[in-house]
Amino acid sequence: MSVTIAGLVWMLALVIAFFSKRPIMMLALLILSMVFQATSLIIFRGEGIGPQSIVSMTFSIWIILRKLMAFKGKIGILRRDKIGRISRISVILFTVTLALGLQKAATDEIHVENAYLRLAQLSIYMLCFALLWSRTVRFRQKEIDYVIVLTTVVVVVIGALQFLTTTNILSRNAFWDMLIYAGETENVAYYLPYYKRIFSTFMEPSYCAAFLVGAFYYLISKEKINRNMLILSLVVLAEIILTFSSTAYGAFFVTGVIYVLCSHNKRVLKLLVPVGIIIVFWLGITGALQDILSEVIFNKMDSGSAHTRGVWDRRAIAAFMENPWTGQGYKLVRGSHLYTSLLGQIGVVGTLMYGLMVVPLAVTALRMKKLNSAVLFLAGVLAAQMIAIPDIDFCIFWQGMYILVLCIRANNEEDNAIKLEGN
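The structure reproduced in this document is the subject of the present report. Small disclaimer: the values here were computed from a predicted structure and weren't measured.

1. What about the overall build of the protein?
Line of reasoning, step 1. A count of helices and strands for the protein gives 16 helices and 3 strands.
Line of reasoning, step 2. Counting only residues that meet the buried cut, the protein has 51% of its 423 residues in that class.
Line of reasoning, step 3. Once local pairs closer than 6 in sequence are excluded, the contacts in the protein between residues at least 24 apart make up 72%.
Line of reasoning, step 4. A total accessible area of about 20,300 Å² is found for the protein, and carbon and sulfur atoms account for 66% of it.

Structure representation (structure tokens):
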């Protein structure tokens, strides 16, 4: 096992935040860590461990310690928090389903060591998700918004610099190798000699697209949006285009339809429609639109990637047909879409448990109206996953789940404070 330079930097930041009297520092590291997909902090048995797992585990320990101090050794249960109970129970059942599936695979003499390591990472995400319901640490909606905006700025700035670097306009330097793309090199687009697409802190453009689409709709769906947020939204939109990713464009369209249906900010909607028309018109007259469509759709239809994805889906469906209730086992088969992976890996039972984690949260947030932005963030991520990101442990999905819980908790706290003031 070895620690990278990036690992030392992140660990120093974690120590400072852990002992800081400002909880927002831990929150900022938690949300920010989820976008550094291409960064490895620790190399263990040839596999890179990113900041997502380490920060989520540290954040979980931080919350548990605060709970122990607040309740003098007794960890309280939120009896009145119905949605919180449902989320926690679904997380437990989902974890049990995954573990039982792997145990069954192990008895069939299938090599599952790597899958167990992946399950450990997923379990860390689910533990952190469950602990975010705690009332021990309270974050205001303004603080959550600030952290999300900060994370978005980091992604777009690094994305712009990465684009200039991988197109050989800027020279490559040790900063990228040591801090952003440290560790694994095989599946990271940065290490290709020339790459004319934006992927920022991620391994490749489709993964980056999931975050950018979610962040775009989070920003524009806020009840109050200032000029700086609008400018940031347009920069994010430009980077979505420059991913040249069919996943990005598909997710953007699907989430856009949802946004139009549930938007309460008509001013932004009236502004974005003409801006979108102007962009499409400009791309059309410059010939860029035809190049984009050829790059992300027509050329891909006959590509080796399309054939490979078809093979993945057929294997996942075959695994589901063989074991429809429990699937073949977590990470033991992989489809090209989230739904084929869910069915192939964990079957009907596991897919239902997965739905129980997401649907009650989304419905609760939609009823609050103020939280449409958090729902749209997660919707953008899920849309991208349904198209071409099949991983259940995808870091940006769990980032979206964290954000949704944080926003629900903040909204409940604010509503309770208003009621107390009224009394």
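More follows now that the structure is in view.
2. What to know about the packing of helix α6 (residues 141–166) against helix α8 (residues 205–220)
Line of reasoning, step 1. It is at 11 Å that the axes of α6 and α8 come closest, and there the two elements cross at 135°. Classified by the angle between their axes, α6 and α8 sit oblique to one another. Once α6 is placed against α8, the crossing between them reads as left-handed. Two secondary-structure elements touch here, α6 through Gln 141, Ile 144, Asp 145, Ile 148, Val 149, Thr 151, Thr 152, Val 155 and Val 156 and α8 through Phe 211, Leu 212, Ala 215, Tyr 218 and Leu 219.

3. Concerning the environment of Arg 135
Line of reasoning, step 1. Along the chain, Arg 135 turns up in the loop between α5 (113–131) and α6.
Line of reasoning, step 2. Expressed as a C-alpha distance, the spacing of Arg 135 and Ile 63, which sit 72 residues apart in the sequence, is 9.7 Å.

4. A word on the sheet that holds strand β3 (residues 47–49)
Line of reasoning, step 1. Within the open sheet, the 3 strands sit side by side as β1-β2-β3. Their pairing is antiparallel. Strands at the two margins of the open sheet, each flanked by one partner only, are β1 (2–3) and β3.
Line of reasoning, step 2. Pairing of strand β2 (residues 42–44) with β3, which is carried by 3 bridges, proceeds in the antiparallel orientation. Bridge pairing in β3 places Ile 42 opposite Ile 49.

5. Quick notes on the environment of Phe 139
Line of reasoning, step 1. Relative to the assigned elements, Phe 139 resides in the loop between α5 and α6.
Line of reasoning, step 2. As for Phe 139 and Arg 409, which are separated by 270 residues in sequence, their C-alpha atoms are 8.0 Å apart.
Line of reasoning, step 3. Once residues lying within four places of it in the same chain are set aside, the contact partners of Phe 139 are Pro 23, Ile 24, Leu 27, Phe 59, Trp 62, Ile 144, Leu 406 and Ala 410.

Calculation notes
- The numbering scheme is per chain: residues are counted from 1 as the chain's sequence reads.
- pLDDT decides what is reported in this predicted model: residues at 70 or higher carry local features, side-chain atom pairs at 80 or more are listed and counted, and totals for whole chains, interfaces and linings draw on all residues regardless.
- Derived side-chain values reflect all non-hydrogen atoms in the structure, with water molecules and hydrogen atoms excluded from consideration.
- Numbered from the N terminus, helices here are DSSP runs of H or I no shorter than four residues, and strands are runs of E no shorter than two.
- Burial here depends on accessible area, computed with a 1.4 Å probe over protein chains only, as a share of the maximum for the residue type. Under 20% is buried, over 50% is exposed, and the range in between is partly exposed.
- For this analysis, residues touch if any pair of their heavy atoms sits within 4.5 Å.
- Reported accessibility uses the Shrake-Rupley method at a 1.4 Å probe radius. Residues are deemed covered only where the shown protein chains occlude them.
- To obtain each axis, a line is fitted to C-alpha atoms, and for helices this fit is confined to the stretch in contact; angles are then taken between N-to-C directions over 0 to 180 degrees.
- Roughly parallel here means an angle under 35 degrees, roughly antiparallel means over 145, roughly perpendicular means 65 to 115, and every remaining angle is called oblique.
- By convention, the crossing between two helices is left-handed when the near helix turns anticlockwise from the far helix through less than a right angle, and right-handed when the turn is clockwise.
- Each pair of strands is called paired provided DSSP finds at least two bridges between the two strands.

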